[in-house]
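Each chain, letter by letter, is given below.
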Amino acid sequence: MARKTAQDFHPEALQAFDKYVHGDISRRDFLSSVPKYALLGLTAEALLEALNPHFAEAKQVADDDPRIKATYVEYPSPHGNGKIRGYLAQPAKAAGKLPVVLVIHENRGLNPHIQDIARRLALDNFIAFAPDALFTLGGYPGDEDKARELFQKLDKEKTQADFLAAAQFIKKLPQGNGKLGAVGFCYGGGIVNFLATRLPDLGAGVPFYGAQPAADQAAKIKAPLLIHYAGVDDRINAGWPAYEAALQKAGVNYEAHTYPGVQHGFNNDTTPRYDAATAKLAWDRTISFFNAYLRDS
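In this text, all values refer to a predicted model and were calculated from it rather than measured experimentally.

Criteria and thresholds
- Residues numbered from 1 in each chain as written.
- Predicted model: local features only at pLDDT ≥ 70, side-chain atom pairs only at ≥ 80, totals over all residues.
- Heavy atoms only, no water.
- Helix = DSSP H or I, 4+ residues; strand = E, 2+ residues; numbered from the N terminus.
- Rg over C-alpha atoms; globule rule 2.2 N^0.38 Å.
- Buried < 20%, exposed > 50% of the residue type's maximum accessible area, 1.4 Å probe, protein only.
- Contact = heavy atoms within 4.5 Å.
- Areas by Shrake-Rupley, 256 points an atom, 1.4 Å probe, with all protein chains shown as cover.
- Pairing = 2+ DSSP bridges.
- Right-handed = clockwise from strand over helix to strand, strands pointing away.
- UniProt positions renumbered as here; feature names shortened; annotations may be inferred.

### A few points about the overall build of the protein
Along its length, the protein carries 12 helices and 8 strands. Here the protein has a C-alpha radius of gyration of 19 Å; the compact-globule value for 297 residues is 19 Å, and the two agree. The C-alpha extent of the protein, read off along each of the three principal axes, is 55 × 45 × 35 Å. Counting across all 297 residues of the protein, residues that qualify as buried make up 54%. Put simply, of all contacts in the protein between residues at least 6 apart along the chain, 68% involve residues at least 24 apart. Counting only carbon and sulfur atoms, one obtains 52% of the accessible surface of the protein, whose full area is about 13200 Å².

### So, the pairing of strand S6 (residues 204–208)
Consecutive side chains along a regular strand alternate between the two faces of the sheet. The element S6 is largely enclosed, with a buried count of 5 among its 5 residues. Here S6 shows two buried faces, one formed by Ala 204, Val 206 and Phe 208 and the other by Gly 205 and Pro 207. In this sheet, S6 lies alongside strand S5 (residues 176–185) in parallel orientation, the contact comprising 5 bridges. When the sheet's bridge partners are listed, Gly 181 is paired in S6 with Ala 204. Taken together, S5, helix H8 (residues 187–198) and S6 constitute a β-α-β crossover, and its handedness is right-handed.

### Section: the UniProt feature "domain: Dienelactone hydrolase" (unreviewed entry) in the protein
Following the UniProt record, one finds the feature "domain: Dienelactone hydrolase" (unreviewed entry) at residues 84–294. Between the end C-alpha atoms of residues 84–294 there is a gap of 25 Å, over a span that is 41% helix and 25% strand.

Here's what the structure looks like:
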């Protein structure tokens, strides 16, 4: 059976799904709004199921791949929620010290897709660490709807402090080379932008379709940035002109790409919004960017 893509769904259904995913409308509101857009006789429930993530179908690196070592690690966050757990993935046989990359999830916590992203980075010869912001509420619950509900209960400032603590924790790993990068998606892209305003020693930041900081905060950024946007993403893209102006005014080293015709979430290969060609291009650029700024010369 052919895998569905964004082209298989009415644009209004995709917009409603984006609002639902980001908490702007409820599940009930989504289900009541989309029947007229359901194709091929799909019910609203079936449409939602088709758009929701399917992790097993998209896994690129097995949990027990012998080329990597992966484990859960807890770290202290005294200014945040006290203690947080993350997923640490690294090459099984590393030659020398490696760059460390913080991997920041979407607004559903540390789900299997983000763990897979961390393992992909390990195969590209990085040490990847993906914290779970939901750990303080019991961790990723294994259900995307429940994860979104839990996410709304998080204290924003404490959660931001948890990611700042994660950055300091992994930068000090003895197997690391002392250089830190960060990549994040949607909510995580916004956190990468936030970290760039708070961490003058951030070696490289790569936000995928993330919310932008205010101009006065953007002026504090020292890290080089590689910024990815989806062409069909008015909600996030509306903040780009002001962010770009602030980056230019502050003399930040940045590179930005807006990929035409693709949806918010185009890199997430667990949903139909995934665009394989664009995701590959953006990911290749991401790995090249990290190699350029985080490797020992």
